[in-house]
Amino acid sequence: MIARLPILCAAATGALLLVSAPGPAAAATHVVVIDQMKYGAVPPLKVGDRVVFVNNDIFRHTVTASNNSFDLDLMPGKRGVLRINSAGRAAFYCKYHPGMRGRMIAR
Amino acid sequence: MTRATFLISAAAAVALAAPAQAADLTDPQIAHIAYTAGNIDIAAAKQALKKSKNKTVRSFAQQMVRDHQAVNAKALALVKKLHVTPEANGTSASLTKAANAERAKLGKLRGAAFDREYINNEVSYHKTVNGALSSTLIPSAHNGELKSLLQTGLKLFQEHQAHAEQVAAKLK
């Protein structure tokens, strides 16, 4: 079951992570690599964390919420950032490659 | 799967498997086969984009063009870097011959009949290429970078096969 999605903001620009305001002191940044038609595992998240998706594949991919609440469209070599705003679960997939699926849990 | 689709699949499988069993493939031959396999799917997708009005089918075809062009661009860059000239061979010739026959068949179909045949052939074609990559092309590749690119291609083809199966189910 997918709870209300915990994403505050999503941006597919490499610069966002550098220029956005710092989060709470305990917040962490997690890097999830997309490669070989797969998402890397998303570690357990806490509210305030950021998840940076890095597309190391040679194909264009998306990180799209199953309920469409967030959508990163990443060209090869690009990265995008999600910031976790509240606890919950989110399932996501690639719009271009529907077999690619992942999920994240924030507490 | 229709009888016609099965026959095309079987023919393509023979085309891919027989020469590989007869003699070891060289890297230039493998590169040619892989590039040809990608180009065949791009050509099929372009035909679908010309003929189909089905949104799902067109979206799938656009994805085939985008992904296979990406792989083939990488393949061209790799053979250039390795100073390898892809070498035409019986397997790639057979693939092309089978693809030409399928293109002619599709050329005579319209509407839903075209969509079904295109997608069903995409399922069987990707399945056939997956088998060839796993059992012959990847194990036979000598160069590590070529092997790695073929492995990427296998993952792509596997995803495309699953995607095509999803689209085929929607068309029924």
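Residues numbered from 1 in each chain as written. Chains lettered and ligands numbered in written order. Predicted model: local features only at pLDDT ≥ 70, side-chain atom pairs only at ≥ 80, totals over all residues.

## So, the overall build of chain B
Here is step 1 of the chain: Assigned secondary structure in chain B consists of six helices and zero strands.
Here is step 2 of the chain: Taking the contacts inside chain B whose residues are at least 6 apart along the sequence as the reference set, 83% of them involve residues at least 24 apart. (Helix = DSSP H or I, 4+ residues; strand = E, 2+ residues; numbered from the N terminus. Contact = placed C-beta atoms within 7 Å.)

## Considerations on the overall build of chain A
Here is step 1 of the chain: A tally of helices and strands in chain A yields one helix and nine strands.
Here is step 2 of the chain: Listing the helices and strands of chain A from first to last along the sequence gives β-α-β-β-β-β-β-β-β-β.
Here is step 3 of the chain: Here the analysis covers contacts within chain A between residues at least 6 apart in sequence; of these, 58% occur between residues at least 24 apart.

## With respect to the packing of helix α2 (residues 27–51) of chain B against helix α4 (residues 90–107) of chain B
All names here are of chain B.
Here is step 1 of the chain: Direction vectors running N to C along α2 and α4 enclose 10°, while the axes themselves pass 9 Å from each other. Overall, the two elements α2 and α4 adopt an arrangement that is roughly parallel. Counting all contacts with α2, which are made through H32, I33, T36, A37, I40, A43, A44 and Q47, the residues of α4 involved are T91, S92, L95, T96, A99, R103 and L106.
Here is step 2 of the chain: Per-class residue counts for the contact of α2 with α4 are eight nonpolar, six polar and one charged. (Axes fitted to C-alpha atoms, helices over the stretch in contact; angles between N-to-C directions. Parallel < 35°, antiparallel > 145°, perpendicular 65-115°, else oblique. Nonpolar A, V, L, I, M, F, W, Y, C, P; charged D, E, K, R; others polar.)

## Observations concerning the interface of chain A and chain B
Here is step 1 of the chain: Between chain A and chain B, the contact holds ten residues from the first and 13 residues from the second.
Here is step 2 of the chain: Split into classes, the residues belonging to the side of chain A that touches chain B amount to six nonpolar, three polar and one charged.

## Considering the sheet that holds strand β8 (residues 88–93) of chain A
Residue and element names in this part refer to chain A.
Here is step 1 of the chain: The antiparallel open sheet is built from four strands, whose spatial order is β6-β5-β8-β9. Strands with a single pairing partner mark the edges of an open sheet, and in this sheet they are β6 (71–74) and β9 (101–106). Across the sheet, the mean angle from the axis of one strand to that of its neighbour is 20°, orientation sign disregarded.
Here is step 2 of the chain: Of the strand pairs in this sheet, strand β5 (residues 61–65) and β8 are connected by two bridges, and their pairing is antiparallel. Paired with T64 across the two strands is Y93, which belongs to β8. (Pairing = 2+ DSSP bridges.)

## Considering the environment of L146(B)
All names here are of chain B.
Here is step 1 of the chain: The topology assignment puts L146 in helix α6 (residues 144–171).
Here is step 2 of the chain: Look at L146 and you get buried, because 23 C-beta atoms sit within 10 Å.
Here is step 3 of the chain: Between the alpha carbons of L146 and P28 there is a distance of 9.9 Å; along the sequence they are 118 residues apart.
Here is step 4 of the chain: For L146, the contacting residues outside a window of four places in its chain are D27, I30, A31, L78 and A141. (Buried ≥ 20, exposed ≤ 12 C-beta atoms within 10 Å, placed from the backbone.)

## Examining the environment of A141(B)
Residue and element names in this part refer to chain B.
Here is step 1 of the chain: You can see A141 is positioned in the loop between α5 (111–140) and α6.
Here is step 2 of the chain: Along the chain, A141 and E122 lie 19 residues apart, while their C-alpha atoms are 25 Å from each other.
Here is step 3 of the chain: Excluding its chain neighbours within four sequence positions, the residues that come into contact with A141 are D27, I30, L146, K147 and L150.

## Thoughts on the packing of α2(B) against α5(B)
All names here are of chain B.
Here is step 1 of the chain: It is the contact of α2 with α5, at a shortest axis distance of 11 Å, that shows an interaxial angle of 170°. Relative to α5, the element α2 is oriented roughly antiparallel. The residues of α5 that touch α2, namely those facing I30, I33, A34, A37, D41, A44, A48 and K51, are F114, Y118, Y125, V129, L137 and S140.
Here is step 2 of the chain: The residue inventory of the contact of α2 with α5, partitioned by class, reads eleven nonpolar, one polar and two charged.

## Let's talk about the nonpolar core
Here is step 1 of the chain: If you look at the biggest cluster of nonpolar residues, it comprises 59 residues, and the most contacted ones within it are I30(B), A34(B), V57(B), I119(B), L133(B), L137(B) and L150(B).
Here is step 2 of the chain: Beyond its immediate stretch of four places on either side in the chain, I119(B) contacts V57(B), A164(B), V167(B), A168(B) and L171(B). (Core = buried A, V, L, I, M, F, W, Y, C linked by C-beta atoms within 7 Å.)

## Some points on the confidence of the model for chain A
Residues and elements named next belong to chain A.
Here is step 1 of the chain: Mean pLDDT over chain A: 82, with 77% of residues reaching 70 or higher.
Here is step 2 of the chain: Note on residues 1–6: pLDDT under 50 across the span, and 21 contacts to partners over four residues away in sequence or across chains.
Here is step 3 of the chain: The model gives residues 11–22 a pLDDT under 50, and that stretch makes 14 contacts with residues more than four places away or in other chains. (pLDDT = per-residue confidence, 0-100.)

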